[in-house]
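Structural overview
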Amino acid sequence: TQYFPDKSDQDSFTSDEVFIGSLMMRHMNVLQFNAHEIYEFFRGDRDRMKPFKNNMIGVGVYPQASYFNHSCHPGTTRYNIGKKLVLKSLTPILPGQEVCENYGQVFYFKTKTERQKELSGRYWFECDCQACREDWPLLMENSKIVWKGDENMSALEDLDTIYDCGSDFMEHGQGKDAAESLTEYINEVSKLIDPPL
């Protein structure tokens, strides 16, 4: 390039060239491994959740967010409020438990083979999360319940009512009531069964 126009020897580098080259390499790595998508959420009706659309409007580099490791079942979600990145827990987190986020490959929709291939190609690592170690099935194909204690199907069925209420609140734009119902559902389900949920 002509960034250093007076370069006579293409195989030797000045300290300025090494410094600028290292900065460029660092920024390219930061963008490849630590950029987070920024989405804008559109609702067709202000009083209802559906129809809706997530529209990617850009990427941002959030240095603190780059400290989170990946899991194919992270138990967290992230969203933006303006330029601010927010990471929220979707499941109860125990003291000392690692908090992970997801780099785009979740066990809900992609097999272990697909996830491993994408993570290796894009982020240069082999995932060793619980979903990969135990080769969990796709979420829609999972019919096995792993009980934490004695099987209690009636308690699980009772929680379906709380989930349905939360979904109905969400559908009708009652965010606070939806959050309360769905949080109760998640907390109670987490007491009964182990992942994959």
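The structure we're discussing is the one just above.
Residues numbered from 1 in each chain as written. Predicted model: local features only at pLDDT ≥ 70, side-chain atom pairs only at ≥ 80, totals over all residues. Heavy atoms only, no water.

**Overview of the overall build of the protein chain**
Selection criterion: Strands here are runs of E lasting at least two residues and helices are runs of H or I lasting at least four, both read from the DSSP assignment and numbered beginning at the N terminus. Both definitions apply: the radius of gyration is a C-alpha atom measure, and the globule rule equals 2.2 Å times residues to the power 0.38. The contact rule is simple, with two residues in contact once any of their heavy atoms fall within 4.5 Å. Here, Shrake-Rupley sampling with a 1.4 Å probe gives the accessible areas, and only protein chains in the shown set may cover a residue.
Of regular secondary structure, the protein chain possesses 5 helices and 6 strands. Over its C-alpha trace the protein chain gives a radius of gyration of 22 Å, far above what one expects of a compact globule, namely 16 Å for 197 residues. Along the first, second and third principal axes, the C-alpha atoms of the protein chain reach 80 × 40 × 30 Å. Within the protein chain, contacts between residues at least 6 apart in sequence are counted, and of these 53% link residues at least 24 apart. For the protein chain, the computed accessible surface area is about 14,100 Å², with 54% contributed by carbon and sulfur atoms.

**What to know about helix α5 (residues 175–192)**
Note the cut-off: Helix span, expected: 1.5 Å multiplied by one less than the number of residues in the helix. Only protein chains enter the area calculation, which uses a 1.4 Å probe; residues under 20% of their type maximum are buried, those over 50% are exposed, and those in between are partly exposed. The reported arc concerns the directions from the helix axis to the C-beta atoms and nothing else.
Along its 18 residues, α5 runs 26 Å from first to last C-alpha, staying within 8% of the 26 Å computed at 1.5 Å per residue. Residues Ala178, Ser181, Leu182, Tyr185, Val189, Ser190 and Leu192 constitute the buried set of α5. Here the buried residues of α5 occupy an arc of 160° about the axis, which is enough to place them on one side. Exposed side of α5, more than 90 degrees from the buried face: Lys176 and Lys191 are the residues found there.

**A short note on the pairing of strand β4 (residues 84–89)**
For clarity, the cut-off: Any two strands between which DSSP finds at least two bridges are classified as paired.
Sheet topology note: the strand β3 (residues 76–81)/β4 ladder contains 6 bridges and is antiparallel. Residue pairing in the sheet places threonine 76 in a bridge with serine 89 of β4.

**Here we look at the pattern of salt bridges**
How we decide: By definition, a salt bridge exists where a carboxyl oxygen of Asp or Glu is found within 4 Å of a side-chain nitrogen of Lys or Arg.
Using the criterion set out here, one finds 5 salt bridges in the structure. For arginine 78, the salt bridge goes to glutamate 101, with nearest N and O atoms at 2.5 Å. One end of the pair, arginine 78, is in strand β3; the other, glutamate 101, is in the loop between β4 and α2 (112–123), and 23 residues separate them in sequence. Linking aspartate 194 and lysine 148 is a salt bridge whose minimum nitrogen-to-oxygen distance equals 3.7 Å. Residue aspartate 194 is located in strand β6 (residues 193–194), and its partner lysine 148 is located in the loop between β5 (146–147) and α4 (153–171); the two are separated by 46 residues in the primary sequence. A residue is classified by how much of its surface remains accessible, and aspartate 194, at 30% relative accessible area, is partly exposed. Several salt bridges share partner residues, and in doing so they unite Glu37, Arg78 and Glu101 into one network.

**Brief notes about a nonpolar patch on the surface**
Using the following cut-off: Only residues whose relative accessible area exceeds 30% and that form no salt bridge are eligible for patches; like-charged ones are grouped when within 9 Å, while nonpolar side chains (Val, Leu, Ile, Met, Phe, Trp, Tyr) are grouped when within 5 Å.
The grouping of Tyr39, Met56 and Val59 at the surface amounts to a nonpolar patch, some 300 Å² of accessible area in total. Inspection of the secondary structure puts valine 59 in strand β2 (residues 52–61).

**Points about the packing of α4 against α5**
Worth spelling out the cut-off: For helices, the axis comes from a line fit to the C-alpha atoms of the stretch in contact; other axes are also lines fit to C-alpha atoms, and the angle between any two N-to-C directions lies between 0 and 180 degrees. An angle counts as roughly parallel when it lies under 35 degrees, as roughly antiparallel when it exceeds 145, as roughly perpendicular when it falls between 65 and 115, and as oblique in every other case. By convention, the crossing between two helices is left-handed when the near helix turns anticlockwise from the far helix through less than a right angle, and right-handed when the turn is clockwise. Note on residue classes: Ala, Val, Leu, Ile, Met, Phe, Trp, Tyr, Cys and Pro are nonpolar, Asp, Glu, Lys and Arg are charged, and everything else, Gly too, is polar.
Across the interface, α4 lies against α5 with an axial gap of 8 Å and an inter-helix angle of 155°. In terms of orientation, α4 lies roughly antiparallel with respect to α5. Considering the relative orientation of α4 and α5, their crossing is left-handed. Taking contact as the criterion, the partners of Ala155, Leu156, Leu159, Asp160, Ile162, Tyr163, Cys165, Gly166, Ser167, Phe169 and Met170 in α4 are, on α5, Asp177, Ala178, Ser181, Leu182, Glu184, Tyr185, Glu188, Val189 and Leu192. For the contact of α4 with α5, the class distribution of residues is 13 nonpolar, 3 polar and 4 charged.

**Some remarks on the side chain of serine 190**
Under the convention used in this document: Polar contact is defined as a pair of N or O atoms within 3.5 Å, subject to the rule that within protein one atom must be able to donate a hydrogen and the other to accept it, and that residues adjacent in sequence are counted only when both atoms are side-chain atoms.
With respect to the helices and strands, the residue serine 190 is situated in helix α5. We classify serine 190 as buried; its relative accessible area is 12%. A distance of 2.8 Å separates a polar side-chain atom of serine 190 from the backbone oxygen of isoleucine 186. Residues contacting serine 190, with those up to four places away along its chain left out, are Pro92 and Lys148.

**Details of the state of the cysteines**
Note the threshold: Disulfides are defined as pairs of cysteine sulfur atoms found within 2.5 Å of each other.
Overall, the coordinates contain 0 disulfides when judged by the stated rule. We note that cysteine 127 lacks a disulfide partner, and the nearest cysteine sulfur, in cysteine 129, lies 3.5 Å from it. For cysteine 127, a relative accessible area of 6% gives the class buried.

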